[in-house]
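# Structural characterization, general
Chain by chain, the residues run as shown.
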Amino acid sequence: MTLGLLMAGLSDPHTLSDLAVKAEKLGFTDVWIADERFYREVYSLLTLIATKTEKINIGPCVTDPYSRHPALTAMAIHTLDDISRGRAILGLGAGVSGFTEMGIQRAKPPRAMREAIELIRQLSTGEEVTYKGEVVQFNAGKLAFKPNRKDLPIWVASNGPLGQDMAGSYADACIMEGCGNAEEAASMRARIDKAAVKKGRDPKSVKCIVRLNLSLSDVSSDAFDALRLRAARSLASGRTHFETLARQGLELSDAVKAKVADVPYNAGAGPYEIIKQDVTQDMVRAISLCGTSAEVTAQLKGLFAAGMNGVIVSVLPAKGYDVSSTMEKFATEVWPAASEALK
């Protein structure tokens with residue numbers, strides 16, 4: 001069972017590296033930095049973290065095949081693997097941030113991700129590669145250094161059915177954002193398993209990972225208050241697809257979504273304040289880890305029972321907490337109890 005910490009490059013780099021060191025000491029298995037435009041540069045931050053830590057896996061969550069050519073991603077991730085002495089892990093997704101500003105057209109996302117995986121893995125052999133995909137092209141090139149690993153892990157983040165099918169067929173793991181609901185998690189697991197079997201793979205070889213915002217407090221309502229605005233954005237923006245929430249009565253109405261229909265991605269969460277009161281606690285919990293330690297422990301047990309193999313948390317502290325104290329509360333009160341249920 002994997003436990004990851006996701007951070008964004010908005011904070012001071014040394015603050016982020018200090019949190020990564022703390023995560024390692026608390027028993028987290030992975031630390032991720034968001035490849036978000038236009039935050040601090042992801043591989044620079046990961047390199048700093050690599051020099052400050054010893055055991056924890058590190059990687060971008062997630063980079064994309066459009067803003068950076070997959071050959072450059074292969075170069076970067078294997079350089080990071082050398083620096084960290086074999087601890088790099090690649091998170092890959094379709095991306096969205098900065099595309100409007102940079103004039104990037106996101107063509108055929110599942111195919112682009114698949115082609116990126118294929119090219120990166122071919123370059124990982126150290127041999128010369130020519131790759132002619134529909135989206136990704138590479139002409140008679142090779143890495144000028146021999147990669148430390150041919151099988152460096154590649155995890156794909158996708159909430160859409162086509163992306164998840166691709167992940168089940170080609171990736172080492174699939175990350176689903178906002179999958180805090182056991183029924184949604186079971187649906188994801190079933191889709192990944194079906195795609196893996198169709199491709200002739202062992203379904204158990206493909207991990208299913210949930211990426212969730214986390215807020216903990218001894219006062220449950222304080223934790224929900226910390227996440228309600230982010231939940232409003234996730235549920236109303238339409239960029240995060242959920243298979244089961246509508247039939248569970250956990251989606252916002254069309255009338256509520258219409259109030260924020262024209263909000264661009266780069267506007268952040270602020271414009272969603274006008275619909276925050278329409279987001280119920282059940283909706284927040286469906287896409288987040290939220291509440292008291294006992295409540296979040298029960299929620300995690302449900303996700304594990306539905307076939308999830310790990311969780312990546314992004315901490316949004318409740319009143320009276322900060323990121324560090326929330327991490328410690330989660331690692332000491334929640335994670336051991338939730339993991340014990342698997343034994």
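Residues numbered from 1 in each chain as written. Predicted model: local features only at pLDDT ≥ 70, side-chain atom pairs only at ≥ 80, totals over all residues. Heavy atoms only, no water.

### Some words on the overall build of the protein chain
When you go through the protein chain residue by residue, the secondary structure sums to 12 helices and 11 strands. Computed over C-alpha atoms, the radius of gyration of the protein chain comes to 19 Å, within 12% of the 20 Å expected from 2.2 N^0.38 for 343 residues, which places it in the range of a compact globule. When the 343 residues of the protein chain are sorted by exposure, 53% land in the buried category. In the structure as shown, the protein chain presents an accessible area of about 14,600 Å², 50% of it carried by carbon and sulfur atoms. The centroid of the 41 positive side-chain charges in the protein chain is displaced by 4 Å from the centroid of its 40 negative side-chain charges. (Helix = DSSP H or I, 4+ residues; strand = E, 2+ residues; numbered from the N terminus. Rg over C-alpha atoms; globule rule 2.2 N^0.38 Å. Buried < 20%, exposed > 50% of the residue type's maximum accessible area, 1.4 Å probe, protein only. Areas by Shrake-Rupley, 256 points an atom, 1.4 Å probe, with all protein chains shown as cover. Lys, Arg positive; Asp, Glu negative; His and termini not counted. Charge placed at Lys NZ, Arg CZ, Asp CG, Glu CD.)

### A closer look at the packing of helix α5 (residues 109-123) against helix α6 (residues 161-170)
Across the interface, α5 lies against α6 with an axial gap of 9 Å and an inter-helix angle of 20°. Classified by the angle their axes make, α5 and α6 are roughly parallel. The way α5 lies across α6 gives a crossing that is right-handed. Contacts from Pro110, Met113, Arg114, Ile117, Glu118 and Arg121 in α5 reach Leu162, Gly163, Met166 and Tyr170 in α6. Classifying every residue of the contact of α5 with α6 by side-chain character gives 6 nonpolar, 1 polar and 3 charged. (Axes fitted to C-alpha atoms, helices over the stretch in contact; angles between N-to-C directions. Parallel < 35°, antiparallel > 145°, perpendicular 65-115°, else oblique. Left-handed = near helix turned anticlockwise from the far one by under 90°. Contact = heavy atoms within 4.5 Å. Nonpolar A, V, L, I, M, F, W, Y, C, P; charged D, E, K, R; others polar.)

### Quick notes on the packing of aromatic side chains
Applying the stated criterion across every chain, the model contains 4 aromatic pairs. Taking 5.4 Å as the distance between ring centres and 45° as the angle between the ring planes, the aromatic pair formed by Trp32 and Trp155 counts as tilted. Note that Trp32 is positioned in strand β2 (residues 30-33) and Trp155 in strand β7 (residues 154-157), a separation of 123 residues in sequence. Considered together, Trp32 and Trp155 belong to a single accessibility category, that of buried residues. Residues Tyr66 and Phe99 carry aromatic rings whose centres are separated by 5.9 Å and whose planes lie at 75° to one another, so their mutual orientation is edge-to-face. Here Tyr66, found in the loop between β3 (57-60) and α3 (70-83), pairs with Phe99, found in helix α4 (residues 99-102); they are 33 residues apart in sequence, far enough to count as distant. With a relative accessible area of 16%, Tyr66 lands in the buried category. (Phe/Tyr/Trp six-rings, centres within 6.5 Å; stacked < 30°, edge-to-face > 60°.)

### Examining the side chain of Ser288
Along the chain, the position of Ser288 falls in strand β10 (residues 288-291). For Ser288, a relative accessible area of 3% gives the class buried. In this structure the side chain of Ser288 is engaged in a polar contact, spanning 2.9 Å, whose partner is the backbone oxygen of Val284. (Polar contact = N/O pair within 3.5 Å; in protein donor to acceptor, adjacent residues only side chain to side chain.)

### Notes on the pairing of strand β5 (residues 129-132)
Alternating positions in β5 separate cleanly, Val129 and Tyr131 being buried on one face and Thr130 and Lys132 remaining unburied on the opposite face. Hairpin connection between β5 and strand β6 (residues 137-141): a loop of 4 residues separates the two successive antiparallel strands. (Pairing = 2+ DSSP bridges.)

### Re the nonpolar core
Membership of the largest hydrophobic core comes to 99 residues, with the highest contact counts inside it found for Leu5, Met7, Phe28, Leu289, Leu300, Val311 and Phe330. Discounting chain neighbours no more than four positions away, the residues touching Phe28 are Leu3, Gly4, Leu5, Ala23, Ile56, Val313, Met327, Phe330 and Ala331. (Core = buried A, V, L, I, M, F, W, Y, C linked by side-chain atoms within 4.5 Å.)

### Some remarks on the environment of Arg189
Tracing the backbone shows Arg189 in helix α7 (residues 182-198). Here Arg189 falls in the buried class, since its relative accessible area comes to 11%. Once the C-alpha coordinates of Arg189 and Ser97 are considered, the two residues, 92 residues apart in sequence, prove to be 27 Å apart. Those residues in contact with Arg189, other than ones at most four positions away along the chain, are Pro203, Val206, Lys207, Cys208, Ala306, Gly307, Met308 and Asn309.

### Side note on the packing of helix α2 (residues 42-52) against α3
Where α2 meets α3, the closest approach of the two axes is 9 Å, and the angle between their N-to-C directions is 15°. Taken together, the axes of α2 and α3 are roughly parallel relative to one another. Where α2 crosses over α3, the two elements pack in a sense that is right-handed. Residues Tyr43, Leu46, Thr47, Ala50 and Thr51 of α2 lie in contact with α3, whose contacting residues are Thr73, Ala76, Ile77, Leu80 and Ile83. Class assignment for the residues of the contact of α2 with α3 results in 7 nonpolar, 3 polar and no charged.

### Section: α6
Taking burial as the measure, the 10 residues of α6 include 7 buried ones, the bulk of the element. Every buried residue of α6 is listed here: Gly163, Gln164, Met166, Ala167, Gly168, Ser169 and Tyr170.

### A few points about unusual backbone geometry
Here the amide bond leading from Arg37 into Phe38 is cis, since omega sits at 0°, within 30 degrees of zero. Mapped onto the fold, Phe38 is located in the loop between β2 and α2. Within the chain, Arg85 stands out as a residue other than glycine whose phi angle is a positive 55°. Turning to its location among the elements, Arg85 is positioned in the loop between α3 and β4 (90-92). With relative accessibility at 77%, the residue Arg85 sits in the exposed group. The backbone of Lys108 sits at a positive phi, close to 45°, despite the residue not being glycine. Mapped onto the elements of the fold, Lys108 is located in the loop between α4 and α5. In this structure Lys108 comes out as partly exposed when scored by relative accessible area, which is 48%.

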